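Structural overview for review
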Amino acid sequence: MPILRNPEGLRSWRQRQRGSLALVPTMGHLHAGHISLLRLAQARAEQVLVSIYVNPLQFGPGEDFAAYPRSLESDLQQLAGHGCTAVFVPGDEDLYPRGATEQTRIVPPERLSNILCGAQRPGHFAGVATIVLKLLHLAQPDILVLGEKDFQQYRIVGQMLDDLNLSTQLLCGPTQRDEDGLALSSRNSRLTSAQRVLAPRLAAELRQLCQLPIGSPAQAPAQAARERLQAAGFRVDYLELRDSESLEPIAESRPGARWLLAARLGDVRLIDNMVIP
Ligand code: PAF
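Report on the accompanying structure.

Reading guide: rules and limits
Residues numbered from 1 in each chain as written. Predicted model: local features only at pLDDT ≥ 70, side-chain atom pairs only at ≥ 80, totals over all residues. Heavy atoms only, no water. Helix = DSSP H or I, 4+ residues; strand = E, 2+ residues; numbered from the N terminus. Buried < 20%, exposed > 50% of the residue type's maximum accessible area, 1.4 Å probe, protein only. Pairing = 2+ DSSP bridges. Contact = heavy atoms within 4.5 Å. Axes fitted to C-alpha atoms, helices over the stretch in contact; angles between N-to-C directions. Near = heavy atom within 4 Å. Polar contact = N/O pair within 3.5 Å; in protein donor to acceptor, adjacent residues only side chain to side chain. Areas by Shrake-Rupley, 256 points an atom, 1.4 Å probe, with all protein chains shown as cover. Nonpolar A, V, L, I, M, F, W, Y, C, P; charged D, E, K, R; others polar.

Even without a glycine there, the phi angle at N165 is positive, about 55°. Of note, N165 is situated in the loop between α8 (151-163) and β6 (169-173). Relative accessible area serves as the criterion here: at 68%, N165 is assigned to the exposed category. Positive phi outside glycine occurs at L247, with the angle close to 60°. Counting through the fold element by element, L247 comes out in the loop between β7 (235-242) and β8 (258-265). Classification of L247 as buried rests on a relative accessible area of 1%.

The subject of this paragraph is the sheet that holds strand β1 (residues 3-4). One open sheet accounts for six strands, arranged β1-β4-β3-β2-β5-β6; its pairing is parallel. At either margin of the open sheet sits one strand with a lone partner, and together these are β1 and β6. Examined bridge by bridge, strand β2 (residues 21-26) and strand β3 (residues 47-52) share six bridges and lie parallel to one another. Each residue of the ladder has a partner; that of V24, found in β3, is V50. Against the sheet, helix α3 (residues 72-81) engages β1, β3 and β4 (86-88), with an angle of about 170° to β3.

Bringing the pairing of β8 into the picture now. Where burial is concerned, most of β8 is hidden: seven out of the eight residues are buried. Bridging between β7 and β8 involves seven bridges; their strand directions are antiparallel. Among the inter-strand pairings, E240 is bridged to a residue of β8, identified as L260. Pairing of β8 with strand β9 (residues 268-275) involves eight bridges; the strand directions are antiparallel. Within the sheet, the bridge partner assigned to L261 lies in β9 and is D272. Counting the residues that bridge the hairpin from β8 to β9 gives two residues, and of these G266 lies at a positive phi of roughly 60°.

The next thing to look at is the site of the ligand. Lining the immediate environment of the ligand, one finds P25, T26, M27, N55, Q58, I131, D150 and Q153. At 2.6 Å from an oxygen atom of the ligand is found a side-chain nitrogen or oxygen belonging to Q58. Starting from 290 Å² of accessible surface for the ligand in isolation, the protein chains cover 89%. A breakdown of the residues in the shell around the ligand according to their chemical character gives three nonpolar, four polar and one charged.

With respect to the helices and strands, the residue D272 is situated in strand β9. One polar contact links D272 to R177, side chain to side chain, over a distance of 2.8 Å. In this structure, D272 is in contact with R177, A183, A203, L206, W259, L260 and L261, ignoring residues within four places of it in sequence.

Let us look at the environment of D243. Take D243: it is sitting in the loop between β7 and β8. In this structure D243 comes out as buried when scored by relative accessible area, which is 19%. In this structure, the C-alpha to C-alpha distance between D243 and W259, residues 16 residues apart in sequence, is 8.9 Å. Separated by 2.8 Å, the side chain of D243 and the backbone nitrogen of E245 make a polar contact.

Structure follows, in structure tokens:
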């Protein structure tokens, strides 16, 4: 499995490839959720490129860029073991040679990117859109695979592909969960054992909200769920019912609408979402 370390290496590898290519962008510290995205990519394309890069552009001041878990050696072993075709592992100086602050950025529309996670993390989705577009230009994949757990990111990247007339097809891999329901995330490894015991309550509250009778108002049950989570020790950033396409707020439970939440345990910020069946 070739390990490509910079844009030049990736470009020259790409020129030698024949057949369809899927790209799975990641920030590493891989878990079963990432591997499920790799599997989805392998089912849809002849070759799969995984990128591993903790992108400084999508972290704000005071966020967990430095503390973000990194485990490159074991990531590479897992990818090789699962038949990944090649891995792109660039350094900051390779992707942002002028420095991150001098980098031209892609600014997604405010309606999608200043809400939910974007309201708490200004500039986050500009950082995500910028790195994803760079990766698309470098790798020229036929297919891009993102995870449903980061649903707002999936919607924003989908709109970027559309707005910028890119022909890459976007696939969304379903959220993978531990047995107790906690959505798999690299950040879970930063939870203390006491926090890890609490964390599945997020998925439990979402599951309960998804079971509200169709047509019932969303606001009061959302408020009650927020209060239960706060009482258990979470700091809830948001817990809201939104349209799965537009991400506009929705007042009443209806099939296809989506509950989205972000909450902190200590300094670990977790996100999750579930769609009403
Ligand atoms: O979802 C992620 O891990 C990141 O936001 C991504 C898409 C790899 C861009 O850095």
